[in-house]
Amino acid sequence: MRAKLLSILGGTLLSGMTYAGGFQVNLQGQKQIGMGHAGVGLARDQASIFFNPGALARIRQNGVQVGVSPLIAKIAYQEPEPGNTTAKTDNPLGTPFQVYGSYGFANDKARVGIGVYTPYGSTVNWGDTWQGRYGLNELTLRAIFIQPTFSYALTDKLSVGAGPIIALGHVNLQRSIPLQAANGQEGHVELDGNAVSYGFNAGIYFQATENLSVGLNYRSKVKMEVKDGDATFRVPSAAPIASRFPAGTQFDATLPLPANITLGLGLRATDQLTLAADVQFVQWSAYKSLRFDYTQTVNGSNFSENARNYQDVFIYRLGGEYAVSDQFQVRAGAYLDQSPVKDGYLTPETPDANALGLSVGLSYQLTEKLGLDASFLYLNRKKRTDAADLSGGVPGTFKSVGYIPGIAINYNF
């Protein structure tokens, strides 16, 4: 019983934080979302602060843009045969957002900017009655990245850019404990903590010809560290049990968010049609295990550790934009996102699988300075059955989909 409980405690928080990583939020610019989230090889707008800081120096107008992408995610579960128990998540609406601004000077060769965006974050709510409640009831994760940026055009064709990342994170995770009080109420634990970490984002942009551009972007690993998080237990009050889950317990935990390397191409096929293609390499293999250190002995030990052994993956993106007029553009795109989760490691926080994303978008210039961007992304993850025997997860079959509309307002000056 002690080993099982410790495994649940450690594995749950690890998986919850990993869910945000495995569910990497690809919603950092409305124009780019409409093109399958491709944009490293294009100098499109202020969102280059995220996609490729090297391309920011090619933006000719000062400007600010603010966008939001409400995220509706649904996940379904079915237990292994011969069982037939099913469950569905009841997730609240997620609200990933993007804010970018930039200003140029030095004869338009240099440009400074700042971006505030949410590359990770979600809420998963399975409730407290489903079969896997000892693995997870609910997880809420928020991560906000703040990135000041400097970009400079070295020549008429070549520009570079970079900026530090300040990452602010918060995680709240709740699950049931397989202990029951005299009134029938099950045990419960809530883990709650904050993290502040650092990284950087750098890029190179090359205008090879009038119609062809190439970009290379590197976003460093960000090691999220939860310090002095709070572990709150609700267990039967009988002394032998209550003493195993002491009040006032705190914990430390670390999660590496992986480095990303992306190569992008932009092609102006005609005066109206622009194409973009990105290949993104995500170094998930940095995520091998996570250790939790408790300030007090919890159920017989002051730490727990779980292996994850994630694998590196690629994401392939393709998109196009057609200019109907100078004021109106339409877009479409798609991407294939490989899962970093190996067989045996699936969890209810990360019911991950290879995913196909399909997107559309449009832009309309309302006035000379004010414009509107909109997008819609449909994300479909393959149904996946897993024994979860290496992760301490919940064996069974998972299937998830996401519906993500988005809108942004941009103002140039």
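Residues numbered from 1 in each chain as written. Predicted model: local features only at pLDDT ≥ 70, side-chain atom pairs only at ≥ 80, totals over all residues. Heavy atoms only, no water.

1. Focus: the overall build of the chain
Argument step 1. Looking only at helices and strands, the chain features four helices and 21 strands.
Argument step 2. The C-alpha radius of gyration computed for the chain amounts to 23 Å, which stays within 12% of the reference 22 Å derived for 413 residues, consistent with globular compactness.
Argument step 3. Viewed in the frame of its principal axes, the chain has a C-alpha envelope of about 75 × 40 × 35 Å.
Argument step 4. Within the chain, the fraction of its 413 residues that count as buried is 53%.
Argument step 5. In the chain, the proportion of contacts linking residues at least 24 apart, taken out of those at least 6 apart, comes to 69%. (Helix = DSSP H or I, 4+ residues; strand = E, 2+ residues; numbered from the N terminus. Rg over C-alpha atoms; globule rule 2.2 N^0.38 Å. Buried < 20%, exposed > 50% of the residue type's maximum accessible area, 1.4 Å probe, protein only. Contact = heavy atoms within 4.5 Å.)

2. Re the pattern of salt bridges
Argument step 1. For the structure on display, the rule yields eight salt bridges.
Argument step 2. The partner of R44 in a salt bridge is E321, with the nearest N and O atoms 2.2 Å apart. Residue R44 is located in the loop between helix 2 (30-34) and helix 3 (48-51), and its partner E321 is located in strand 16 (residues 313-323); the two are separated by 277 residues in the primary sequence.
Argument step 3. Ionic pairing is found between D352 and R381, a salt bridge with its closest N-O pair at 2.8 Å. Of this pair, D352 sits in the loop between strand 17 (328-337) and strand 18 (355-365) while R381 is found in strand 19 (residues 370-381), placing the two residues 29 residues apart along the sequence. (Salt bridge = Lys/Arg side-chain N within 4 Å of Asp/Glu carboxyl O.)

3. Side note on a nonpolar patch on the surface
Argument step 1. A contiguous nonpolar surface patch, about 900 Å² in accessible area, is contributed by V64, V66, Y103, F105, V112, F150, Y152, L154, Y411 and F413.
Argument step 2. When contributions to the nonpolar patch are tallied by element, the ones reaching two or more residues are strand 1 (63-68), strand 4 (97-105) and strand 6 (138-153).
Argument step 3. Positionally, F150 belongs in strand 6. (Patch = residues over 30% accessible without salt bridge, like charges linked within 9 Å, V, L, I, M, F, W, Y side chains within 5 Å. Areas by Shrake-Rupley, 256 points an atom, 1.4 Å probe, with all protein chains shown as cover.)

4. Remarks on unusual backbone geometry
Argument step 1. Here the bond from E81 into P82 is cis, since omega is 10°, no more than 30 degrees from zero.
Argument step 2. Take P82: it is sitting in the loop between strand 2 (72-78) and strand 3 (86-88).
Argument step 3. For N299, which is not glycine, the phi torsion reads 55° and is therefore positive.
Argument step 4. Within the secondary structure, N299 is located in the loop between strand 14 (289-298) and strand 15 (301-307).
Argument step 5. With a phi angle near 55°, A388 is a residue other than glycine that sits in the positive phi range.

5. Thoughts on the environment of F303
Argument step 1. The residue F303 is located in strand 15 in this model.
Argument step 2. Judged by relative accessible area, which is 33%, F303 ranks as partly exposed.
Argument step 3. In this structure, the C-alpha to C-alpha distance between F303 and Y77, residues 226 residues apart in sequence, is 30 Å.
Argument step 4. Residues within four places of F303 in sequence aside, it is in contact with R291, F292, D293 and Y294.

6. Let's talk about the packing of aromatic side chains
The relative placement of two aromatic rings is captured by the distance of their centres and the angle of their planes.
Argument step 1. For the coordinates displayed, the defined rule picks out 18 aromatic pairs.
Argument step 2. Seen from their ring centres, F50 and F51 are 5.0 Å apart, and the 90° between their planes marks the pair as edge-to-face. Residues F50 and F51 agree in their burial class; the two are buried.
Argument step 3. Grouping aromatic residues by their ring pairs yields a cluster made of F50, F51, Y100, Y117 and F145. (Phe/Tyr/Trp six-rings, centres within 6.5 Å; stacked < 30°, edge-to-face > 60°.)

7. Let's talk about the environment of G229
Argument step 1. Residue placement: G229 occurs in strand 10 (residues 222-234).
Argument step 2. When its relative accessible area of 0% is taken as the criterion, G229 is described as buried.
Argument step 3. In sequence terms G229 and T385 are 156 residues apart; their C-alpha atoms lie 33 Å from each other.
Argument step 4. Setting aside anything within four residues of it in sequence, one finds G229 in contact with D192, G193, T249, Q250 and F251.

8. Comments concerning the environment of P258
Argument step 1. Residue position: P258 is located in the loop between strand 11 (249-257) and strand 12 (260-268).
Argument step 2. For the pair P258 and S285, spaced 27 residues apart in the sequence, the C-alpha separation amounts to 8.0 Å.

9. Looking at the side chain of N217
Argument step 1. Looking at the element boundaries, N217 is found in strand 9 (residues 212-219).
Argument step 2. Of the polar contacts made by the side chain of N217, one reaches the backbone oxygen of A202; its length is 2.9 Å.
Argument step 3. A polar contact is formed between the side chain of N217 and the side chain of R219, at a distance of 3.0 Å.
Argument step 4. Ignoring anything within four residues of it in the chain, the contact list for N217 reads V40, F50, F51, N52, P53, N201, A202, G203, N260, I261 and T262. (Polar contact = N/O pair within 3.5 Å; in protein donor to acceptor, adjacent residues only side chain to side chain.)

10. Things to note about the nonpolar core
Argument step 1. Ranked by internal contacts, the top residues of the largest apolar core, which has 64 residues, are W126, F145, F233 and F251.
Argument step 2. Among the elements that line this core, the one with the most residues is strand 7 (residues 158-180), at six residues. (Core = buried A, V, L, I, M, F, W, Y, C linked by side-chain atoms within 4.5 Å.)

11. Observations concerning the pairing of strand 1
Argument step 1. Here strand 1 shows a buried face lined by G63, Q65 and G67 and an unburied face lined by V64, V66 and V68.
Argument step 2. As defined by bridge partners, strand 1 adjoins strand 21 (residues 396-412) across six bridges and the pair is classed as antiparallel. Bridge pairing in strand 21 links G67 to A408.
Argument step 3. Bridge analysis of strand 1 against strand 4 gives six bridges, and the strand direction is antiparallel. Bridging from a neighbouring strand, G63 pairs with S102 of strand 4. (Pairing = 2+ DSSP bridges.)

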